[in-house]
Amino acid sequence: MRLSMASLKAAEVKEIGSSVMAIANEKLKAEKEATAGKKKTATKKKQLHVTNSKDDDIALAYGADVADDYDFM
C-alpha cells in the first residue's frame, strides 16, 4: 500500500486516509451494535454477613466490656 501511494500528492493521501478511517469507524459501530444485542445476565453480588465472634460471646459471658477493642494501655 505504501508503494502504491508513493506517487500520490499529500492531499490525495490525506483523502484516502480519511476514507479508510471512516470505513473503520463504521465497522466498529456495526460490531458494537452486534454485541449490544447479547447482554450478559447480571449476577447477584455476594454479600458478607458479619456476626459476633466466639471471643465476644465468651467475653460477654464473663462480664467484660467488648467495646474496649482490647486496649489495655
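Residues numbered from 1 in each chain as written. Predicted model: local features only at pLDDT ≥ 70, side-chain atom pairs only at ≥ 80, totals over all residues. Heavy atoms only, no water.

Caption draft 1: Spatial organisation of the overall build of the protein chain. Looking only at helices and strands, the protein chain features three helices and zero strands. Classification of the 73 residues of the protein chain by burial places 4% in the buried group. (Helix = DSSP H or I, 4+ residues; strand = E, 2+ residues; numbered from the N terminus. Buried < 20%, exposed > 50% of the residue type's maximum accessible area, 1.4 Å probe, protein only.)

Caption draft 2: Layout of the confidence of the model for the protein chain. For the protein chain, per-residue confidence averages 78 on the pLDDT scale, and 59% of positions sit at 70 or higher. Mean pLDDT per element in the protein chain: helix α3 (residues 54–61) is the minimum at 62, and helix α2 (residues 10–36) is the maximum at 93. (pLDDT = per-residue confidence, 0-100.)

Caption draft 3: Here's a closer look at a nonpolar patch on the surface. On the surface, M1, L8, V13, I16 and V20 cluster together to form a nonpolar patch covering roughly 410 Å² of accessible area. On the secondary structure map, M1 appears in the segment before α1 (2–5). M1 sits in the exposed class, given a relative accessible area of 69%. (Patch = residues over 30% accessible without salt bridge, like charges linked within 9 Å, V, L, I, M, F, W, Y side chains within 5 Å. Areas by Shrake-Rupley, 256 points an atom, 1.4 Å probe, with all protein chains shown as cover. Salt bridge = Lys/Arg side-chain N within 4 Å of Asp/Glu carboxyl O.)

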